[in-house]
Amino acid sequence: EKGRLLFAGPVTFVKGVVAMAGLPPPDRVEVCFAGRSNVGKSSLINALTGRKTLARASNTPGRTQEINYFALGEDRYLVDLPGYGYAEAPVAVVAKWQALLKQYLAGRVTLRRAFVLIDMRHGIKAVDHEILKLLDRSAVTFQVVLTKADKVNKATREATIAQVQGALAAHPAAYPEIVVTSSEKGEGVETLRAIIATLE
Ligand code: GTP
Ligand code: MG
């Protein structure tokens with residue numbers, strides 16, 4: 001069942017976008033994947049679509065520098081966002097990404113859910129709070145997805161879930177269910193597919 005999709009039609013790369021003017025027409029449901037650099041956004045998109053190299057995953061933080069659009073058939077878009085919080089990136093580059101990210105999150109009318117990815121090993125950091133605050137101010141429902149579950153033991157897993165639940169209490173616009181995932185082992189991938197498939 002690995003790689004099974006709940007969507008009709010092929011999964012394709014549409015385009016990489018560097019400015020709001022480049023976004024595809026807002027004609028279908030879309031969901032986006034936000035999170036710190038290296039948290040596992042591109043890997044999760046690959047796991048969701050059952051395609052190992054659709055989105056470029058890399059050990060080098062800052063790999064994804066554009067807003068990358070993937071189409072699930074004719075039906076919806078998956079959107080891979082540039083990572084934030086990458087300390088080594090040049091200041092001007094960071095500022096440009098942040099501006100685009102803010103405009104996108106606050107201004108994309110067809111965005112139905114923003115998944116905010118949090119590394120299971122690290123929990124919510126200050127830079128994640130910035131994004132959560134931004135999402136609080138925009139009209140987008142957001143949902144925390146914990147990544148790299150395969151890398152932690154049971155105690156860390158439970159501690160991170162508790163930390164995130166506590167942090168979300170301050171963000172009433174957050175969707176209450178936290179999804180625990182591992183792109184490596186496939187944990188949570190079906191759950192996330194079902195969530196994406198049922199958004200209208
Ligand atoms: P940027 O594009 O730089 O923002 O990073 P990203 O969030 O897209 O992360 P990416 O998917 O490129 O993954 C970063 C690194 O983490 C890669 O080396 C992945 O193989 C690894 N990784 C991602 N998800 C998992 C996971 O579930 N388990 C394990 N063990 N490693 C993972
Ligand atoms: Mg990426």
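If you're wondering where the values come from, they're calculated on a predicted model, not measured in any experiment. (Residues numbered from 1 in each chain as written. Chains lettered and ligands numbered in written order. Predicted model: local features only at pLDDT ≥ 70, side-chain atom pairs only at ≥ 80, totals over all residues. Heavy atoms only, no water.)

Undergrad: Got a minute to help me understand the overall build of the protein in this structure?
TA: Across its full length, the protein holds 5 helices and 7 strands. Listed N to C, the secondary structure of the protein is β-β-α-β-β-α-β-α-β-α-β-α in terms of helices and strands. Its C-alpha radius of gyration of 16 Å places the protein within 12% of the 16 Å reference for a compact globule of 200 residues. For the C-alpha atoms alone, the extent of the protein along its principal axes is close to 45 × 45 × 35 Å. Contacts in the protein between residues at least 24 apart in sequence constitute 75% of all its contacts with a sequence separation of at least 6. Of the roughly 9600 Å² of accessible surface on the protein, a fraction of 52% belongs to carbon and sulfur atoms. (Helix = DSSP H or I, 4+ residues; strand = E, 2+ residues; numbered from the N terminus. Rg over C-alpha atoms; globule rule 2.2 N^0.38 Å. Contact = heavy atoms within 4.5 Å. Areas by Shrake-Rupley, 256 points an atom, 1.4 Å probe, with all protein chains shown as cover.)

Undergrad: Would you mind going over the pairing of strand β4 (residues 76–80) with me for this structure?
TA: For a regular strand, side-chain orientation follows a simple rule: the groups alternate between the two sheet faces. Across the 5 residues that make up β4, a large majority, 5, are buried. Burial along β4 is two-sided: the residues Arg76, Leu78 and Asp80 and Tyr77 and Val79 are all buried. Note: strand β3 (residues 67–72) against β4, 5 bridges, orientation antiparallel. Directly across from Asn68, in β4, lies its bridge partner Asp80. In sequence, β3 turns back onto β4 through a hairpin of 3 residues, with Gly73 there showing a positive phi of about 55 degrees. (Buried < 20%, exposed > 50% of the residue type's maximum accessible area, 1.4 Å probe, protein only. Pairing = 2+ DSSP bridges.)

Undergrad: I would appreciate a short explanation of unusual backbone geometry in the present structure.
TA: When glycine is set aside, most residues are seen to have a negative phi, and most peptide bonds are trans. Even without glycine at this site, Asn38 takes up a positive phi of about 80 degrees. Its place among the elements puts Asn38 in the loop between β2 (29–35) and α1 (41–49). A relative accessible area of 32% means that Asn38 is categorised as partly exposed. Of note, the phi angle at Lys148 is positive, near 60 degrees, even though the residue is not glycine. Secondary-structure assignment places Lys148 in the loop between β6 (142–147) and α4 (154–168).

Undergrad: Would you take a moment to explain the environment of Pro10 for this structure?
TA: With respect to the helices, strands and loops of the structure, Pro10 is situated in the segment before β1 (11–17). The exposed category is assigned to Pro10, whose relative accessible area is 57%. Residues Pro10 and Ala114, 104 residues apart in the sequence, show an inter-C-alpha distance of 23 Å. In this view, Pro10 contacts Ala71, Leu72 and Gly73; residues no more than four positions away in its chain are not counted.

Undergrad: So what exactly am I meant to see when it comes to empty space enclosed by the protein here?
TA: All told, the structure shown has 2 cavities of 30 Å³ or more when counted by the stated rule. Of the voids in this model, the largest cavity is the one considered here, and its volume is about 60 Å³. Considering only residue class, the lining of the largest cavity consists of 6 nonpolar, 3 polar and no charged. (1 Å grid on protein atoms, 1.4 Å probe; cavity = no way out; pocket = protein on both sides within 12 Å on 5 of 7 lines; lining within 4 Å. Points joined across faces, edges and corners; volume = space filled by probe spheres on them. Nonpolar A, V, L, I, M, F, W, Y, C, P; charged D, E, K, R; others polar.)

Undergrad: Any chance you could explain the side chain of Lys41 here in plain terms?
TA: Structurally, Lys41 can be placed in helix α1. Buried within the structure, Lys41 lacks any salt-bridge partner; its nearest side chain of opposite charge belongs to Asp80, at an N-O separation of 5.8 Å. Reaching out from Lys41, the side chain makes a polar contact with the backbone oxygen of Gly35 at a distance of 3.1 Å. Beyond its immediate stretch of four places on either side in the chain, Lys41 contacts Phe33, Ala34, Gly35, Arg36, Asp80, Leu81, Pro82, Gly83 and Leu117. (Lys, Arg positive; Asp, Glu negative; His and termini not counted. Salt bridge = Lys/Arg side-chain N within 4 Å of Asp/Glu carboxyl O. Polar contact = N/O pair within 3.5 Å; in protein donor to acceptor, adjacent residues only side chain to side chain.)

Undergrad: Help me understand the packing of α1 against helix α5 (residues 189–198), please; the structure alone is not making it clear to me.
TA: Packed helices, taken two at a time, are described by their axes: the angle between them and the distance between them. Two elements in contact, α1 and α5, have axes whose closest approach is 10 Å; the angle formed by their N-to-C orientations is 80 degrees. Classified by the angle between their axes, α1 and α5 sit roughly perpendicular to one another. Contacts between α1 and α5 involve Leu44, Ala47 and Leu48 from the first element and Val189, Leu192, Arg193 and Ile196 from the second. A per-class count over the contact of α1 with α5 returns 6 nonpolar, no polar and 1 charged. (Axes fitted to C-alpha atoms, helices over the stretch in contact; angles between N-to-C directions. Parallel < 35°, antiparallel > 145°, perpendicular 65-115°, else oblique.)

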